[in-house]
Each structure stands twice: as C-alpha cells, then as structure tokens.
Amino acid sequence: MPQTATPNDVEAMLANLARSAGRSPEAYLASARSTLVRILAQPDLLDPSRLVGQGPGLSRNLLFGTEAISVWAMVWAPGTVTPVHDHHCSCCFGLLRGSLRETWYRPISETHAVATMDAVREPGFVACMMPTGPNLHRIANDGPEAAVSIHVYGYDHRAQDSSIHRTYAVAAG
Ligand SMILES: [Fe+2]
C-alpha cells in the first residue's frame, strides 16, 4: 500500500532538490519539474497559511530556502501584472490555483522586447527554464480570482532580492 505523503515530505523533497542544483542543467530542471508536479498533485501538504495573499498585487511567501534554491508560494491578486523581465538564475514554476496569463517576448535590445507568444496557464501547468535559454516573459492575473503559484528559483534569498535580471519596455512587434 503506498505511503501517504506528509508535510515533512515536502521539506525533504525540496532539500533533495536543493542538493541536485549542482547537477547538469538538464538533470536539475528534470528534478525541479518532477518536484513541482508532486507538490501540485498534493497541495494539502503545504501550510495553507502560506497560500494566502497579504493584500493587492503579488504576495511572496517563502516555503524553503538554501544557498542553492529558494521556493516561494506566490499569490496573485486579480489585476496583478509583472514587468516584462528575464532571470539571472533558473526559474521553475507551477500553477496551483486560479489562472495566469504568461506572455513571452524576444529581446531586441537590452531595454526593449517584442511579444512572441501568449498563453493562459491553468492549475497543473509547470514550466522550467535556465537563464541561458529563452526566459523573457511577463505574468499577469487578468482573471477574477486570486491565483497561487509555486516557484523554485536558483538563488539564495538571503543574498538577492529576486530572480529578476532585467526588465524591458515593450516595443511594437
Ligand atoms: Fe519570471
């Protein structure tokens, strides 16, 4: 009979993922993806108080952090939109609740980018990217409900404020 996972298992999963951060990019992203898929499949393992926003805009609740990775529950109030941005580190996220619009961009300079793709992400969606690959996007909650996503970033939250490398103004395509 399969064992039922417990909240301690989430801590253990994330600690295991942190240890895999030194592996090849492909191996790390595969581990991050499978970890997010498992967490999204059992959201009741997460402390519900960490899945609540603190007002309008984007609320970031730290779930786990080491020098290698930081894991956040992000709560998106309706109307929240990020700047167009890229990342200085790996960026993996999965949608737990609600829906989010993700728009991808192509940089045309260090300050401007043009939109290339737009998609609405639903619960269960997982994306993983390295800073060396395409990773320039904007995320918006343009729906009526709050959305909750789980993010795994390859930075130490004690040393850096966020995963954002640069922000861009949108140029006409
Ligand atoms: Fe991002």
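Now for a quick tour of the structure. The model shown is predicted, which means the values in this text are computed figures rather than measured ones.

### What about the packing of helix α1 (residues 7–19) against helix α2 (residues 25–41)?
Contact geometry of α1 with α2 gives a least axis separation of 10 Å together with a crossing angle of 170 degrees. Taken together, the axis directions place α1 and α2 in an arrangement best described as roughly antiparallel. Across from V10, M13, L14 and L17 in α1, the residues of α2 making contact are S31, A32, T35, R38 and I39. Its residues placed into classes, the contact of α1 with α2 shows 6 nonpolar, 2 polar and 1 charged.

### Considerations on the sheet that holds strand β2 (residues 70–76)
Spatially, β1-β2-β9-β4-β7 is the arrangement adopted by the 5 strands of the open sheet, whose pairing is antiparallel. Each edge of the sheet is formed by a strand with only one pairing partner; in this case those strands are β1 (58–65) and β7 (126–129). Taking the axes of each pair of neighbouring strands and ignoring which way they run, one obtains an average angle of 20 degrees across the sheet. Strands in contact with α2 are β4 (91–97), β7 and β9 (147–153); relative to β4, the strand with the most contacts, it is inclined by about 10 degrees.

### Overview of the nonpolar core
Of all hydrophobic cores here, the largest spans 33 residues; its most connected members are L17, A32, L36, C92, I150 and V152. Elements represented by at least two residues in this core include exactly α1, α2, β2, β4, β7 and β9. It is β2 that provides the largest number of residues to this core, a total of 6 residues. With residues near it in sequence (within four places) discarded, L36 still touches C92, G94, V126, I150 and V152.

What counts, and where the lines are drawn
- Residues numbered from 1 in each chain as written.
- Predicted model: local features only at pLDDT ≥ 70, side-chain atom pairs only at ≥ 80, totals over all residues.
- Axes fitted to C-alpha atoms, helices over the stretch in contact; angles between N-to-C directions.
- Helix = DSSP H or I, 4+ residues; strand = E, 2+ residues; numbered from the N terminus.
- Parallel < 35°, antiparallel > 145°, perpendicular 65-115°, else oblique.
- Contact = placed C-beta atoms within 7 Å.
- Nonpolar A, V, L, I, M, F, W, Y, C, P; charged D, E, K, R; others polar.
- Pairing = 2+ DSSP bridges.
- Core = buried A, V, L, I, M, F, W, Y, C linked by C-beta atoms within 7 Å.
- Buried ≥ 20, exposed ≤ 12 C-beta atoms within 10 Å, placed from the backbone.

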